[in-house]
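Inside the fold
Residue-level listing of the chains:
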Amino acid sequence: MNKLLATLIAGLFATSVFAQGATPSNPVTPTATATTTTAVKAQTKEMKADAKADAKEAKTDAKADAKVAHVKHHARKMKARAHRKATKAKAKAHAAEAKADMTAPK
């Protein structure tokens with residue numbers, strides 16, 4: 001049991017040495033920071049451009065959807081109008097036919 005505890009404690013100390021890590025081989029310089037800042041600015045600019053393009057695309061899609069809805073509504077309206085007109089014409093024809101049948105000699 002004592003050997004087990006001694007091994008665990010030794011392992012704990014050994015891992016703590018490696019956990020502290022080594023010093024970085026390349027120290028951070030102000031030039032690297034400037035380059036990073038430039039890269040971040042470029043990335044931000046690109047993200048803004050993407051967002052603007054997405055918004056423009058969404059607006060175009062909304063306009064197209066509205067146009068399609070308007071055309072469908074107009075088509076339904078015209079179809080209903082034609083149906084009413086045809087129904088009236090059929091009723092008129094039937095009335096004329098019935099009148100002709102009544103006045104026709106038998």
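Residues numbered from 1 in each chain as written. Predicted model: local features only at pLDDT ≥ 70, side-chain atom pairs only at ≥ 80, totals over all residues. Heavy atoms only, no water.

1. A look at the overall build of the protein
Put simply, the rule is: Strands are runs of DSSP state E lasting at least two residues, helices are runs of H or I lasting at least four, and both sets are numbered from the N terminus onward. Each residue gets one of three labels from its accessible area relative to the maximum for its type: buried under 20%, exposed over 50%, partly exposed in between, using a 1.4 Å probe on protein chains only. Exposure was quantified through the Shrake-Rupley algorithm and a 1.4 Å probe, taking into account, for residues, occlusion by the shown protein chains and nothing else.
What the protein contains, in helices and strands, is two helices and zero strands. Evaluated residue by residue, the protein yields a buried proportion of 0% over its 106 residues. Total accessible area computed for the protein in this model is approximately 10,300 Å², and 66% of it derives from carbon and sulfur atoms.

2. Some remarks on a positive patch on the surface
Put simply, the rule reads: Here, patches come from residues exposed beyond 30% relative accessible area and free of salt bridges, joined within 9 Å for like charges and within 5 Å for nonpolar side chains (Val, Leu, Ile, Met, Phe, Trp, Tyr). Salt-bridge detection follows one rule: a side-chain nitrogen of Lys or Arg within 4 Å of a carboxyl oxygen of Asp or Glu. We treat Lys and Arg as the positive residues and Asp and Glu as the negative residues; His and chain ends play no part in the count. Every charge is mapped onto a representative atom, which is NZ of Lys, CZ of Arg, CG of Asp or CD of Glu.
On the surface, K77, R81, R84, K88 and K92 cluster together into a patch of positive charge. Mapped onto the secondary structure, K77 falls in helix α2 (residues 30–103). We classify K77 as partly exposed; its relative accessible area is 45%.

3. Description of a negative patch on the surface
Where like charges cluster on the molecular surface, the negative patch consists of E46, D50, D54, E57, D61 and D65. By secondary structure assignment, the location of E57 is in helix α2. Judged by its relative accessible area of 48%, E57 is partly exposed.

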